Amino acid sequence: MTMQVLAVDDSRTMRDMVRLALTAEGIEVAKLLSRPLMPPKLSNLIDRHERYYKRNEKKDFDKARRFYRGDFYSVKRAESEGVDRLLLCSKNLIYAIADTAVSSLLGPNPQVACVPRNPRSQDAMMAVNGLVEFVFDENKMRRRSATALIDSVLCKRGIFKTGWNSEKDRPVIKTVDPSRLFFDLTVRDVDDISYWIEV
């Protein structure tokens, strides 16, 4: 059997892998075409954000995460010059700060409390509370909120991504790694952000 294959990723490695996989299945690939996954403008925007992240934020993110894990003893002398000596003492202060933020801002068992705005809403309050509690329990919101809060302490931002699971017919809430999400950094207010890109 001979066929033409259109690969979505414009990567030589990907094309070779597809060709190898199809050949292993006994399919001879006569021609393997490829098409870029995204328009050039979007690709350039993502490249620009990745360069900015690697140049300005990656080092700080990695250092904060290392300190949180307790790896501050392995810090090289050059890296520790700008760090307050108190941070390099026997106690893990970064972990203590993040843990305090989680315990004081999140609490051990967060609950949903709807506030009705009119008499009609008053009647639906219990149903709405139950529905939101169900969604939070299904999505393990306490754990996800703690992860986002720790990200915000270490990386200056904690991000939730909300979607819809059509099979289960319910919302899906995930935390996004701040190093994989780019947005318009020129705005001063979060409501003015014109785009978010997860890579």
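A few points on the structure. (Residues numbered from 1 in each chain as written. Predicted model: local features only at pLDDT ≥ 70, side-chain atom pairs only at ≥ 80, totals over all residues. Heavy atoms only, no water.)

### Observations regarding the overall build of the chain
Thinking step 1. Scanning the chain from terminus to terminus reveals six helices and six strands.
Thinking step 2. Sequence-ordered secondary structure for the chain, helices as α and strands as β, is β-α-β-α-α-α-α-α-β-β-β-β.
Thinking step 3. Here the chain, with 199 residues, has 28% of them falling under the buried criterion.
Thinking step 4. Total accessible area on the chain stands at roughly 14600 Å², and carbon and sulfur atoms take up 54% of it. (Helix = DSSP H or I, 4+ residues; strand = E, 2+ residues; numbered from the N terminus. Buried < 20%, exposed > 50% of the residue type's maximum accessible area, 1.4 Å probe, protein only. Areas by Shrake-Rupley, 256 points an atom, 1.4 Å probe, with all protein chains shown as cover.)

### Description of the pairing of strand β3 (residues 159–165)
Thinking step 1. As paired elements, β3 and strand β4 (residues 170–176) share seven bridges and run antiparallel to each other. When the bridges of β4 are listed, F160 appears paired with T175.
Thinking step 2. As consecutive antiparallel partners, β3 and β4 are separated by four residues, and within that stretch D169 has a phi angle of approximately 55 degrees, a positive value. (Pairing = 2+ DSSP bridges.)

### Here's the deal with the packing of helix α2 (residues 40–69) against helix α6 (residues 141–155)
Thinking step 1. Relative orientation of the contacting elements α2 and α6 amounts to 120 degrees, with a least axis distance of 9 Å. Put simply, α2 runs oblique to α6. In this structure, α2 contributes F61, A64, R65 and Y68 to the contact, and α6 contributes I150, D151, L154 and C155.
Thinking step 2. The residue makeup of the contact of α2 with α6, split by class, is six nonpolar, no polar and two charged. (Axes fitted to C-alpha atoms, helices over the stretch in contact; angles between N-to-C directions. Parallel < 35°, antiparallel > 145°, perpendicular 65-115°, else oblique. Contact = heavy atoms within 4.5 Å. Nonpolar A, V, L, I, M, F, W, Y, C, P; charged D, E, K, R; others polar.)

### Notes on the pattern of salt bridges
Thinking step 1. Applying the stated criterion across every chain yields a total of five salt bridges.
Thinking step 2. Of the charged contacts in the structure, one is a salt bridge between R65 and D177, with a shortest N-O distance of 2.9 Å. Of this pair, R65 sits in helix α2 while D177 is found in the loop between β4 and β5 (181–183), placing the two residues 112 residues apart along the sequence.
Thinking step 3. Residues E138 and R170 are paired through a salt bridge, measuring 2.7 Å at the closest nitrogen-oxygen approach. A residue pair is termed long-range when its members are at least 10 positions apart, and E138 in helix α5 (residues 119–138) and R170 in strand β4 qualify at 32 residues.
Thinking step 4. Look at E138 and you get partly exposed, because its relative accessible area is 39%.
Thinking step 5. Its relative accessible area of 21% is what places R170 among the partly exposed residues. (Salt bridge = Lys/Arg side-chain N within 4 Å of Asp/Glu carboxyl O.)

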